[in-house]
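These are the residues of each chain, in order.
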Amino acid sequence: MPALFFVLGFPLLGGAVLAVTGHRDFARNVNVAFSLATFVAACVLTAQVVADGPMFVWDKQFFIDPLNVFLVALTTFVGLTTAIFSRPYMRVEQDRGKMTPPRMRLYHGMYQLFSFTMLLALTTNNLGILWVAMEAATLTTVMLVSVYRTAASLEAAWKYFILCGVGIAQALLGTVLLYMAAEKVLGPHGATLLWTSLDAIKTQLDPAIVTLAFAFLFIGYGAKVGMVPLHSWLPDAHAEGPTPVSAVLSGLLLNVAMYAVLRCKVLTDGALQSPLAGQLMMGFGLLSVVVAAFFLSRQKDVKRMFSYSSIEHMGLITFAFGMGGPVANFAGLLHMTVHSLIKSAIFYAVGHATQKAGTQIMSEIRGLIKVNPTVGWGLMLGVMAILGMPPFGVFASEFLILTTAMREQPWATPFLFLALGVAFASMLVRVLPMVFGETSLKPLAHPPALLPVFIHLGLGLVLGLYIPPYLNTWYVQAARMLGG
């Protein structure tokens, strides 16, 4: 209980403190300090779960198990490294006049509240609180995306708010339907919306109601995952918001939305005793992979290109969980981890590169390897990693997904290979000139924070070569819980 209290309390307190002091020079350090405190509390919580197993907190309203505790650890870690990256990045943005003191206060306060909403969504056992947390995450993200107050950023924020707002409304309807199905079995009391209570009686739930509920929940939370055709908010939000926001959107928010879908899938599989939920996830996952790969090839803005890469990878993860089974679920969890680490590292490198060039248009960014070799190599290695080159962890997870698809869903394998091939060629042909081309760019006034880039890339490399036993145990236990 104390560890979870601090995991949720630190970012909530940080949001309150930085809402008042976020414009001060020391606010960047305070933001890092609160993120570090949250990460340490998450490590303590993780150690408790490893030692004692799944636990209930606060009258069963919160539930920590191997599935969500590893996502809590990942979320707080990437939140910490992004806060470290944003220190020099936002200082440059402030020096250039893009961030005024009120905007800095808004950015820092919303960053901590955004972390709080994601951790609340991950740890709650109540599907109603899960919905509230996802809605709150939408609102805080709108504030972060629109922080520059340009016409394009305001348009992107409104587009995000409307599309995800409609999606969240669908998820609310799905939650109400799930409550209606549970009430017939459990009766009208507080446990009706607790996921653990629903999981215990899932085979007794009305299949017709649960089918309809999952359809709405999948549409609602799938919109926040960025699945095609509900994806159009994601490229705009990435392109127009600050780069640290792009990093946490791709690295964290998409994972939390996927977690919500997975919790609902477990209940649906038990109620229907059929693969309907998995088939829906495979279909929309495959569609997302293929569509995103071809849209990726048409992009000129570097952040938009990597946002379509995020859609592609979330589609691949959705497809893996749709297949189900111990291997595919293990591969999906591994891919969630390495995608979060590698994609956020790429956005860190891209953030410094675009600040150097003063533009996000790829044809105008050249010669990063000469201007700043660490930025250039960070971007190049990150791109090679996210494209699935061995020995990075993305290769290991994609290999498991593809080989499982060959065995269990052979019809989908050609589409997966085609999409991955198109993405590989499209991304590589654009990034190589950015890194190795001729340039006249000058260094930034402030040294970039490149330590997070190489920490993330190093972890991605390690996970491709060796998965530590405790992490492997998490994945195996979580994969078993997801069933399929």
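Scroll up to find the structure.
Residues numbered from 1 in each chain as written. Predicted model: local features only at pLDDT ≥ 70, side-chain atom pairs only at ≥ 80, totals over all residues. Heavy atoms only, no water.

(A) Inspection of the nonpolar core at higher detail. Y221, F306 and L379 are the most contacted members of the largest nonpolar core, which totals 152 residues. Ranked by size, the runner-up nonpolar core spans 19 residues in total, among them M282, F319, A320 and M323. (Core = buried A, V, L, I, M, F, W, Y, C linked by side-chain atoms within 4.5 Å. Buried < 20%, exposed > 50% of the residue type's maximum accessible area, 1.4 Å probe, protein only.)

(B) Just unusual backbone geometry, in detail. Note that the residue after V228, namely P229, is joined by a cis bond; omega there is 10°. Along the chain, the position of P229 falls in the loop between α8 (207-225) and α9 (233-240). Omega for the peptide link from P390 to P391 comes to 5°, which places this bond in the cis form. One can find P391 in the loop between α15 (373-386) and α16 (393-408). (Helix = DSSP H or I, 4+ residues; strand = E, 2+ residues; numbered from the N terminus.)

(C) Region of the structure containing the packing of aromatic side chains. Taken as a whole and assessed by the stated rule, the structure comprises 19 aromatic pairs. Relative to Y111, the ring of Y107 lies with its centre 6.1 Å away and its plane at 40°, an arrangement referred to as tilted. Taken as a pair, Y107 and Y111 lie in helix α4 (residues 101-123) at a separation of four residues, close to a single helical turn. Assigned by exposure class, Y107 and Y111 land together as buried. Taken together, the aromatic side chains of F5, F6 and F10 make up a single cluster linked through ring pairs. Cation over ring: K60 sits above F56, and NZ or CZ is 5.3 Å from the ring centre. When the ring centre of Y148 is taken as origin, the NZ or CZ atom of K98, which lies over that ring, is 4.4 Å away. (Phe/Tyr/Trp six-rings, centres within 6.5 Å; stacked < 30°, edge-to-face > 60°. Lys NZ or Arg CZ within 6 Å of the ring centre and 35° of its normal.)

(D) Summary view of empty space enclosed by the protein. Applying the stated criterion across every chain yields a total of two cavities of 30 Å³ or more. In this structure, the largest cavity occupies an estimated 70 Å³ of space. Every residue along the wall of the largest cavity is listed here: P11, S35, T38, T75, T76, G79, L80, Y111, Q112, S115 and L119. Counting only elements with at least two residues in the lining of the largest cavity, the list comes to α2 (27-52), α3 (66-95) and α4. Here the second largest cavity is characterised by a volume of approximately 60 Å³. Lining the second largest cavity are F63, T124, N125, L127, L130, W195, Y259 and R263. Sorting the residues of the lining of the second largest cavity by element identifies α5 (127-145) and α10 (243-272) as the ones contributing at least two each. Partitioning the lining of the second largest cavity into residue classes produces five nonpolar, two polar and one charged. (1 Å grid on protein atoms, 1.4 Å probe; cavity = no way out; pocket = protein on both sides within 12 Å on 5 of 7 lines; lining within 4 Å. Points joined across faces, edges and corners; volume = space filled by probe spheres on them. Nonpolar A, V, L, I, M, F, W, Y, C, P; charged D, E, K, R; others polar.)

(E) Geometry of the layout of surface pockets. For the largest pocket, the calculated volume is near 430 Å³. Taken together, 17 residues make up the lining of the largest pocket; nearest its centre are A73, L459, Y470, L471 and W474. Of all the secondary structure elements, the ones that give two or more residues to the lining of the largest pocket are α2, α3, α13 (326-357), α18 (451-465) and α19 (469-482). Residue classes in the lining of the largest pocket are distributed as 15 nonpolar, two polar and no charged. One number sums up the size of the second largest pocket: a volume of about 290 Å³. Lining of the second largest pocket is provided by 17 residues; of these, K98, T354, G358, T359 and Q360 occupy positions nearest its centre. Counting residues per element, the ones that place at least two in the lining of the second largest pocket are α3, α9 and α13. Per-class residue counts for the lining of the second largest pocket are four nonpolar, seven polar and six charged.

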